[in-house]
Amino acid sequence: MPVSREQRIRQYLDLVTGGEGTESVLGNVETMAGGALESLAPAEAGKAEAAFESARAGMESLARGAEVAPEQLSDLEAIIIPELRPVYDIKDGTFTTLTFDGAPTPGHSLWTKLTSEAASKQRIEAALPAIGRIELLWNTNIPYGGTGFVVGRNLLMTNRHVAQIFADGLGDRNLQFINGRAAGIDFKRDSAAGNVFKIRNVRMIHPYWDMAILEVEGLPDNITPLSLAVADARDMLRQEVVAIGYPAFDNRNAVDVQNELMRNRFQVKRLQPGMLQGGFDTESFGKIVSAATHDCSTTGGNSGTAMINLATGEVVALHFAGRYLERNYAVPTGALAKDQRVVDLGLNFAGAASGGPNGWGAWWTKADSGSPAEGVNLVEAGGVQQIPGVATQTPPSGGVVVSPGGSVTFEVPLRITVSLGATPGHEAVTESVEREAAKPTPPGGAFVPKTVADYAGYKGYDEKFLSGGTKLAPVIVPMPEATDL
């Protein structure tokens, strides 16, 4: 049964307040309003005061269990979320509780320890130089792939789904860059760009977790690898953490709330505080994994973000996905410490990494069995096995995948395969991972708004797209007519 917007906001408040919900937030609305209105011009203050009054009324309705008007829900989201889980700017190796316009960042009153506690601030600032933006160094409309951070000598950790934008393979063998694609990392990218260090090698694309290890040559000595916790983040319920990464505009989230939260600044280095929320099962590359969860205000572009324990400065998890007003998912570094293949790479674990036992040895065996000599290697992405170089990211519903044998598979949302006539005696064998129903693009990727210029040169809909490059009679698929339904 679908969850209503009102229910999602109520559940979100319960999550971030530890079950205290609306009661603990209601008393803070007036304080929040007073602090915000002081820095505004009279005309803007009038609008803001009306929004706060609307949010307060909505909060009271939530507390009584009464129905909340849509406009009150919108004002609640736009005010409460930035207050409870704010986003701070990073510039020149430090972070600030002031916006670039000089106004106080929303939420500062709840997170004063970030700056008032010298030890906490020092831990955060020590981590900033080792976290960067994964740059895509070819002609692409996507400006960057996600976030990465240094975890060993010239070694970066990021998400598997980020690495697969430019690299083929699975496991720690037979890994290579997709022809014509290259990547690098920029450790600055706050208000300006910095030096880009080219990624020279792909050391691991983990077959079970959404994690990859990349190799960069020539990192300066002042970039110290971050320490990876061996303790399990799934056991650290309500431990305060900060996410440090590069959030992008994410078209799956409410636009007005997102703009308010990010202050209309995207794709730059940000600090996002929050809490760990225990373990939770979620889908990842066609299987269910027990992920660590958190409630920081991450968006697309935060893929590969380091989740840092505010009390120790250690990385406790690798962010890989999230659902708006629900929860965000991360790979616990404590689980990676139980993988001998990961440990053998020389990563900077904070304690003794056991190297096992773990529950994903069969996935390594499957990855090891692949070999270029056996034919086409299929790369998993979002539960579907795809041909490297043909589709490096999960196709959305309705996407088309072409196999080497000449068949076309697309979902509308039913899965339909049309044979276009493979050459006799050379029919390719492909492995299929069935799904119960078409799924949306997995969360966590970098989503960037398109402009008219991005579509220059497009010829529009081709009703013969199923017959392209074949000598068969045309298969005509007329463009559906738009209706009001």
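Everything numeric here is computed off the predicted structure, so don't read it as measured data. (Residues numbered from 1 in each chain as written. Predicted model: local features only at pLDDT ≥ 70, side-chain atom pairs only at ≥ 80, totals over all residues. Heavy atoms only, no water.)

## Re the overall build of the protein chain
Link 1 in the chain: Secondary structure assignment for the protein chain yields 12 helices and 21 strands.
Link 2 in the chain: Expressed as a percentage of the 485 residues in the protein chain, the buried residues total 47%.
Link 3 in the chain: In the protein chain, 63% of the contacts between residues at least 6 apart in sequence involve partners at least 24 apart. (Helix = DSSP H or I, 4+ residues; strand = E, 2+ residues; numbered from the N terminus. Buried < 20%, exposed > 50% of the residue type's maximum accessible area, 1.4 Å probe, protein only. Contact = heavy atoms within 4.5 Å.)

## A word on the sheet that holds strand β4 (residues 144-152)
Pairing between the strands of a sheet comes from backbone hydrogen bonds, and it takes one of two forms, parallel or antiparallel.
Link 1 in the chain: In spatial order, the strands read β3-β4-β5-β10-β9-β8; together these 6 strands close into a barrel with antiparallel pairing. For this sheet the average axis-to-axis angle between neighbouring strands, irrespective of direction, equals 45°.
Link 2 in the chain: Of the strand pairs in this sheet, strand β3 (residues 131-136) and strand β8 (residues 183-186) are connected by 4 bridges, and their pairing is antiparallel. Of the residues in β8, the one forming a bridge with Ile 134 is Ile 185. (Pairing = 2+ DSSP bridges. Axes fitted to C-alpha atoms, helices over the stretch in contact; angles between N-to-C directions.)

## With respect to the pattern of salt bridges
Link 1 in the chain: Within the structure shown, the criterion is met by 18 salt bridges.
Link 2 in the chain: Close ionic contact of Arg 341 with Asp 172 constitutes a salt bridge, the shortest N to O distance being 2.9 Å. Separated by 169 residues along the polypeptide, Arg 341 in helix α11 (residues 340-343) and Asp 172 in the loop between β6 (167-168) and β7 (176-177) bring together distant segments of the chain.
Link 3 in the chain: Look at Arg 341 and you get partly exposed, because its relative accessible area is 25%.
Link 4 in the chain: Judged by its relative accessible area of 30%, Asp 172 is partly exposed.
Link 5 in the chain: Residue Asp 186 pairs with Arg 189 through a salt bridge whose shortest N-O separation is 3.4 Å. (Salt bridge = Lys/Arg side-chain N within 4 Å of Asp/Glu carboxyl O.)

## Observations concerning the packing of aromatic side chains
Link 1 in the chain: The full count for this structure, using the stated rule, is 8 aromatic pairs.
Link 2 in the chain: Both rings, one in Phe 187 and one in Phe 197, keep their centres 6.0 Å apart while their planes meet at 55°; by these two values the pair is tilted. Pair noted here: Phe 187 is in the loop between β8 and β9 (196-205) and Phe 197 is in strand β9, with a separation of 10 residues, a long-range link. Both residues of the pair, Phe 187 and Phe 197, count as buried.
Link 3 in the chain: In this structure an aromatic cluster arises from ring pairing among Tyr 208, Trp 209, Trp 360 and Trp 363.
Link 4 in the chain: A cation over an aromatic ring shows up here: Lys 287 above the ring of Tyr 208, its NZ or CZ 5.4 Å from the ring centre. (Phe/Tyr/Trp six-rings, centres within 6.5 Å; stacked < 30°, edge-to-face > 60°. Lys NZ or Arg CZ within 6 Å of the ring centre and 35° of its normal.)

## With respect to unusual backbone geometry
Link 1 in the chain: Cis geometry is adopted by the peptide bond preceding Pro 357, which originates at Gly 356 and carries an omega value of 0°.
Link 2 in the chain: With respect to the helices and strands, Pro 357 occurs in the loop between α11 and α12 (361-369).
Link 3 in the chain: Despite not being glycine, Asn 154 has its phi angle at roughly 60°, a positive value.
Link 4 in the chain: Position of Asn 154 relative to the elements: it lies in the loop between β4 and β5 (155-158).
Link 5 in the chain: Residue Asn 154 is classed as buried on the basis of its relative accessible area, which comes to 16%.

## Describing the pairing of β4
Link 1 in the chain: Within β4, 9 of the 9 residues are buried, leaving the element largely enclosed by the surrounding structure.
Link 2 in the chain: Sheet analysis places β3 next to β4, joined by 5 bridges and oriented antiparallel. Its bridge partner lying in β4, Ile 131 is registered against Phe 149.
Link 3 in the chain: Relative to β5, β4 is paired through 3 bridges, and the arrangement is antiparallel. When the bridges of β5 are listed, Val 150 appears paired with Leu 156.
Link 4 in the chain: Hairpin connection, β4 to β5: the antiparallel pair is bridged by 2 residues, and Asn 154 has positive phi, about 60°.

## A word on the nonpolar core
Link 1 in the chain: Phe 149, Met 157 and Leu 347 are the most contacted members of the largest nonpolar core, which has 68 residues in total.
Link 2 in the chain: The biggest single contributor to this core is β9, with 5 residues.
Link 3 in the chain: Residues in contact with Leu 347, not counting those within four places in the same chain, are Val 151, Leu 155, Met 157, Ile 213, Leu 228 and Val 342.
Link 4 in the chain: Counting residues in hydrophobic clusters, the runner-up holds 19 residues, among them Ile 9, Leu 13, Leu 62 and Leu 76. (Core = buried A, V, L, I, M, F, W, Y, C linked by side-chain atoms within 4.5 Å.)

## Overview of a nonpolar patch on the surface
Link 1 in the chain: Side chains of Tyr 461, Phe 465 and Met 479 sit close together on the surface and give an oily, nonpolar patch of about 310 Å² of accessible area.
Link 2 in the chain: Tyr 461 sits in the partly exposed class, given a relative accessible area of 38%. (Patch = residues over 30% accessible without salt bridge, like charges linked within 9 Å, V, L, I, M, F, W, Y side chains within 5 Å. Areas by Shrake-Rupley, 256 points an atom, 1.4 Å probe, with all protein chains shown as cover.)

## Describing the pairing of β9
Link 1 in the chain: Across 3 bridges, β8 lies against β9 in antiparallel orientation. Note on β9: the bridge partner recorded for Asp 186 is Val 196.
Link 2 in the chain: Note that β9 and strand β10 (residues 212-216) share 5 bridges and pair antiparallel. Of the residues in β10, the one forming a bridge with Asn 201 is Glu 215.
Link 3 in the chain: Here β9 folds back onto β10 in antiparallel fashion, the turn holding 6 residues.

All we've got here are geometric facts, nothing functional implied.
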